[in-house]
Amino acid sequence: MQGDHTFCPDWVRQHWGDTLGPALVQHIELTAIAIAIGFALSFTLALLAHRFRWLEQPIGVISAVIYTIPSIALFLLLVPFTGITRTTVEIALVGYTLVILVPNFVAGLRSAPADVLEAARGMGLTGRQIFMRVELPLAVPAIVGGLRIAVVSTITIATIAAFLLPQGLGYPIFLALKDPTPFKTEIYSAGALAVALALVCDALLVGLRRALIPWARQT
Amino acid sequence: MSEAAEIIFDHVTKRYAGREAAALDDLTLEIPAGTFCILVGPSGGGKTTALKMINRLIPFDSGEIRIDGRSIDALPAVELRRGIGYVIQQIGLFPHMTVGENIGTVPRLLGWPKQKIRARTVELLELVGLEASDARRYPSQLSGGQRQRVGLARALAADPPVLLMDEPFGALDPITRLRLQTELRRLHREVEKTIIFVTHDVDEAITLGDRIAILRQGGVLAQYDTPDAILGHPADDFVKEFVGEDRALRRLALRTLADVPLQPGPGSGARLPAHTSLRNAVSQMLETNDEDVVVVDDAGNELGVFRLRDAGAAL
Amino acid sequence: MLADTANLHTFVEAFRFIGDNPGFLATKALEQVELSGAAIGVALLVAMPLGITLGHLHRGSGVAIAASIFGRALPSLVLIAAFLTVLGIGFWNNMVALAVLGSGPLLTNSFDGVDGVDGDAVDAARGMGMTGLQILRKIELPLALPLLFTGIRVATVTVVATAPIAAIAGGGGLGDIIVNQASYRLSGVLGASFCVMALSALVFLALFALQAAVTPRGLRRTRVLIDQPRKELL
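It should be emphasised that the depicted structure is a prediction, and the values quoted were computed from it without experimental measurement.

(A) Up close: the overall build of chain A. Looking only at helices and strands, one finds nine helices and zero strands in chain A. Starting at the N terminus and walking to the C terminus, you meet the elements of chain A as α-α-α-α-α-α-α-α-α. Overall, the C-alpha framework of chain A stretches about 75 × 45 × 25 Å when taken along its three principal axes. Put simply, chain A shows about 9,000 Å² of open surface, and 67% of that area lies on carbon and sulfur atoms.

This is the structure in structure tokens:
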């Protein structure tokens, strides 16, 4: 089990239980929590921005600002407030999902064509009915599309969480790198898992989008 | 199908702030129940505005609009609209719903039982010339003409006594437009609802309407009468120019050989069926340089002769 | 992994750290800029022409799509670690890793930009007798400018912001401070983080201004802040 060999399958098998497996589970947990909270928050913010147009500008600016903050820096910024905990990591991750999801959701809510809205109004649908039966369903493509990007991005950023916490798939990599002769297998296997996780989620969400949009399938 | 409703515009005026000309200027119009009424005119004439006032999409400043004697303000707007069919040029079909779901929108809002909605959908699809199987398709899979038929079916779904149509055929190619115009006329004969139809196309107005209301710039009513009367006796120079210099020929198109007194034979010209329009008959005589045509019935029996020189009197 | 716990006081300390060590921080920042600059330079030379060419020929959209999917799914940490195992520790492994990182958005946006130019405009140009190269120069590139710049901006910000992580692989720069809490304490680490943020923001604004300045007047748009859907985040 030396760093000379490029890949050592035995190591993977031996250490699945104590290293890779738990890391994967933690990674999924971190991502899932961030996405769940991020989705709920983004949806609320998008509804508000849709209803009160003037909110769009400030939300856009704040998003742009958060976007430029490197994740490490964001994690560290939060440490004085929330300590070195999962909370810190989650807050940062949620922040990044907001940056992606809110513009997508708002664009989706806006995507209903004007003539469709006029016909709906002329037919006697109330404002609420127009929202629930026309605008919201038509926003689904953008919502799921945004989710796709957000999930993959979150999985990616979550690797950096290893800087703060001994959790997630970034941790084995981080440990390995501390070694003067880094153990390649550990790096490759953890890395491959992270990439695989992201790709699987990406594919799942593409499938979800296709399943939810029967009306676009046949053009 | 339910009865049609009478619509009355009573001194309706609308002004937009900062504009000199009114959108509608003291419009008074009586549309008897079951009439196919066309609102026609140049842009700025207020025809679409007048239409959209009926279902309260556009408010007016003074006057009253009554449907079957009741002011349109008596009901909440949403309820009013559910009782009026509304068709627009870009149709506005809900892209995320099937044809069937689109058609069933207002019945669902009104709480109809599913069975009833389904039966009604099939009935309407056949009425507008589509197949029952089309109910499962999506708007993106249909042609422009098919979509407009669905739009029509959707507007008729809850069996409203009034149908509002805002330049519905404007975005279609001429052949499809002609076909849909013919179908709409047939539909109106079958269904007998009050239809208010907006167009800027004089020919379309003359083809379709029982009554035509010509609105001129500034929302002023220039003339309100049957197509024949407008063509034959235009109220002023504006109307004359609007309907065109060939209005006499157009009037000929409104009548057939069956509608006019015929002379006894023998004639020298072509044999034409009685349902031929006078205009086509005149065209035939000009083409072959004859002075008359022989009118026959469906079985081929001679009914009489129509002479070119009697065409003017026939108007 | 940080061993300190901290409080708001640390923020003050962080600024003091910056104030106390301007020269040192500047040197480190410069190291980072050099690394990032080299990486972006390479990426620009490789990925951008490739994307533009493919877009012009309207071929290889699969490549562009794959680049975008992989670019998003590949954590920068993994990339850096992987290259370290191959190229050892130092400047080169990080430079290559960052170049690969930046190539994703460059390739994708360049392709999208040129491929997505109004087909009618290109047809008209071809009908007028322009050669392929002329069409590219006079029509496609100017019209693709917004997306091309978006690609450059995203790639650059990503690379600049990722560079701190390269410190664990010997990349130097402000990351050296950030990962070395033992020596610099949380205040130092925070201070360096602020510097990274400032650097990142500066680059973003500079590129944004450059884009606004270079865009042909007829194409000015007001909101190109966040580009969707292809975006790289750390």
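(B) Inspection of the interface of chain B and chain A at higher detail. Facing 24 residues of chain B, the contacting portion of chain A comprises 20 residues. Interface area, chain B with chain A, both sides summed: about 2,100 Å², of which 64% is carbon and sulfur. Counting across the chain B and chain A interface gives one salt bridge. A:Glu118 serves as the salt-bridge partner of B:Lys52, at 3.2 Å between the closest nitrogen and oxygen. In this assembly, chain B and chain A are joined by six residue pairs in polar contact (both at pLDDT 80 or more). In terms of residue count, helix 4 (residues 105-110) of chain B provides more of the side of chain B that touches chain A than any other element does, four residues in total.

(C) Inspection of the nonpolar core at higher detail. Core analysis: the biggest nonpolar cluster contains 126 residues, and A:Leu76, A:Val89, A:Ile173 and C:Ile165 have the highest contact counts within it. Sort the elements by how many residues they give to this core and helix 7 (residues 132-166) of chain C lands first, with 14 residues.

(D) Molecular detail of the sheet that holds strand 1 (residues 7-14) of chain B. All names here are of chain B. Strand order in the open sheet made by the four strands is 2-1-4-5, with antiparallel pairing throughout. Only two strands of the sheet have a single neighbouring strand rather than two, namely strand 2 (24-31) and strand 5 (70-71). Bridge count between strand 1 and strand 2: five bridges; the pairing is antiparallel. In the sheet register, Val12 faces strand 2, and the bridge partner there is Leu27. Along the sheet face, helix 1 (residues 47-54) touches strand 1, strand 2 and strand 4 (62-67) and points at about 120° away from the line of strand 1.

(E) Highlighting helix 7 of chain C. Residues and elements named next belong to chain C. Helix length check: helix 7 (35 residues) gives 41 Å between terminal C-alpha atoms against 51 Å at 1.5 Å per residue, more than 12% under. Maximal helix bending in helix 7 amounts to about 60°, located at Leu145; proline Pro146 follows within four positions. Among the 35 residues that make up helix 7, 26 are buried, leaving the element largely enclosed by the rest of the structure.

(F) Focus on the environment of A:Gly122. With respect to the helices and strands, A:Gly122 occurs in helix 5 (residues 114-123). C-alpha of A:Gly122 to C-alpha of A:Val200: the two residues are 78 residues apart in sequence and 44 Å apart in space. Excluding residues that lie within four positions of it along the chain, A:Gly122 makes contacts with B:Asn55, B:Leu57, B:Arg81 and B:Tyr86.

(G) Highlighting empty space enclosed by the protein. For the coordinates displayed, the defined rule picks out six cavities of 30 Å³ or more. Quantified by volume, the second largest cavity comes out at close to 70 Å³. In this structure, the second largest cavity is lined by A:Met123, B:Arg81, B:Arg82, B:Ile84, B:Gly85, B:Tyr86, B:Val106, B:Arg154, B:Ala155, B:Ala158 and B:Pro160. Among the elements of the structure, helix 2 (77-82), strand 6 (84-88) and helix 6 (144-156) of chain B are those that each provide at least two residues to the lining of the second largest cavity. For the lining of the second largest cavity, the leading source of residues is strand 6 of chain B, giving three residues. Of the residues contributing to the lining of the second largest cavity, the split by class is seven nonpolar, one polar and three charged.

(H) Region of interest: the sheet that holds strand 11 (residues 271-273) of chain B. Residue and element names in this part refer to chain B. A sheet is described by the order of its strands in space; here three strands give the open sequence 11-12-13, paired in mixed fashion. Every interior strand has two partners, whereas the edge strands, strand 11 and strand 13 (302-307), have only one. The average undirected angle you get between the axes of adjacent strands in this sheet is 35°. Both strand 11 and strand 12 (residues 292-296) contribute to a ladder of three bridges, which runs parallel.

(I) Focus on the packing of helix 1 (residues 9-20) of chain C against helix 9 (residues 181-214) of chain C. Residue and element names in this part refer to chain C. Axis separation between helix 1 and helix 9 bottoms out at 7 Å; the angle between their running directions is 70°. It follows that helix 1 is roughly perpendicular to helix 9 by the angle criterion. Considering only the axes of helix 1 and helix 9, their crossing is right-handed. Here Thr10, Phe11, Glu13, Ala14, Phe15, Phe17 and Ile18 of helix 1 come into contact with helix 9, specifically with Tyr184, Leu186, Ser187, Gly188, Leu190, Gly191, Phe194 and Cys195.

(J) How the structure looks around the packing of aromatic side chains. Going through the model one piece at a time under the given rule, you end up with ten aromatic pairs over all chains. Residues B:Phe238 and B:Phe242 carry aromatic rings whose centres are separated by 5.8 Å and whose planes lie at 20° to one another, so their mutual orientation is stacked. Placement of the pair is B:Phe238 and B:Phe242 together in helix 10 (residues 237-243), with a separation of four residues, close to one helical turn. Relative accessible area serves as the criterion here: at 24%, B:Phe238 is assigned to the partly exposed category. Ring centres of C:Phe204 and C:Phe208 lie 6.0 Å apart, and the angle between their planes is 10°; on these two criteria the pair is classed as stacked. Of this pair, C:Phe204 and C:Phe208 are both found in helix 9, four residues apart, which corresponds to roughly one turn of the helix. The class for C:Phe208 is partly exposed, based on a relative accessible area of 26%. Among the aromatic side chains, those forming a connected cluster through ring pairs are A:Phe39, A:Phe43 and A:Phe105. Sitting over the face of the ring of B:Trp112, B:Lys116 holds its NZ or CZ atom 4.1 Å from the ring centroid. The ring of B:Tyr224 carries the charged tip of B:Arg211 above its face, separated from the ring centre by 5.3 Å.

(K) A look at the pairing of strand 7 (residues 162-166) of chain B. Residues and elements named next belong to chain B. With five of five residues buried, strand 7 lies mostly within the body of the structure. Because side chains alternate across strand 7, one face comprises the buried residues Val162, Leu164 and Asp166, and the other comprises Leu163 and Met165, equally buried. Pairing of strand 7 with strand 8 (residues 194-199), which is carried by five bridges, proceeds in the parallel orientation. Residue Val162 lies in a different strand from strand 8, and its bridge partner there is Thr194.

Cut-offs applied
- Residues numbered from 1 in each chain as written.
- Chains lettered and ligands numbered in written order.
- Predicted model: local features only at pLDDT ≥ 70, side-chain atom pairs only at ≥ 80, totals over all residues.
- Heavy atoms only, no water.
- Helix = DSSP H or I, 4+ residues; strand = E, 2+ residues; numbered from the N terminus.
- Areas by Shrake-Rupley, 256 points an atom, 1.4 Å probe, with all protein chains shown as cover.
- Contact = heavy atoms within 4.5 Å.
- Buried area = accessible area lost by both parts, 1.4 Å probe.
- Salt bridge = Lys/Arg side-chain N within 4 Å of Asp/Glu carboxyl O.
- Polar contact = N/O pair within 3.5 Å; in protein donor to acceptor, adjacent residues only side chain to side chain.
- Core = buried A, V, L, I, M, F, W, Y, C linked by side-chain atoms within 4.5 Å.
- Buried < 20%, exposed > 50% of the residue type's maximum accessible area, 1.4 Å probe, protein only.
- Pairing = 2+ DSSP bridges.
- Axes fitted to C-alpha atoms, helices over the stretch in contact; angles between N-to-C directions.
- Expected span 1.5 Å × (residues − 1).
- Bend = angle between axes of the 7 residues up to and from the residue.
- 1 Å grid on protein atoms, 1.4 Å probe; cavity = no way out; pocket = protein on both sides within 12 Å on 5 of 7 lines; lining within 4 Å.
- Points joined across faces, edges and corners; volume = space filled by probe spheres on them.
- Nonpolar A, V, L, I, M, F, W, Y, C, P; charged D, E, K, R; others polar.
- Parallel < 35°, antiparallel > 145°, perpendicular 65-115°, else oblique.
- Left-handed = near helix turned anticlockwise from the far one by under 90°.
- Phe/Tyr/Trp six-rings, centres within 6.5 Å; stacked < 30°, edge-to-face > 60°.
- Lys NZ or Arg CZ within 6 Å of the ring centre and 35° of its normal.

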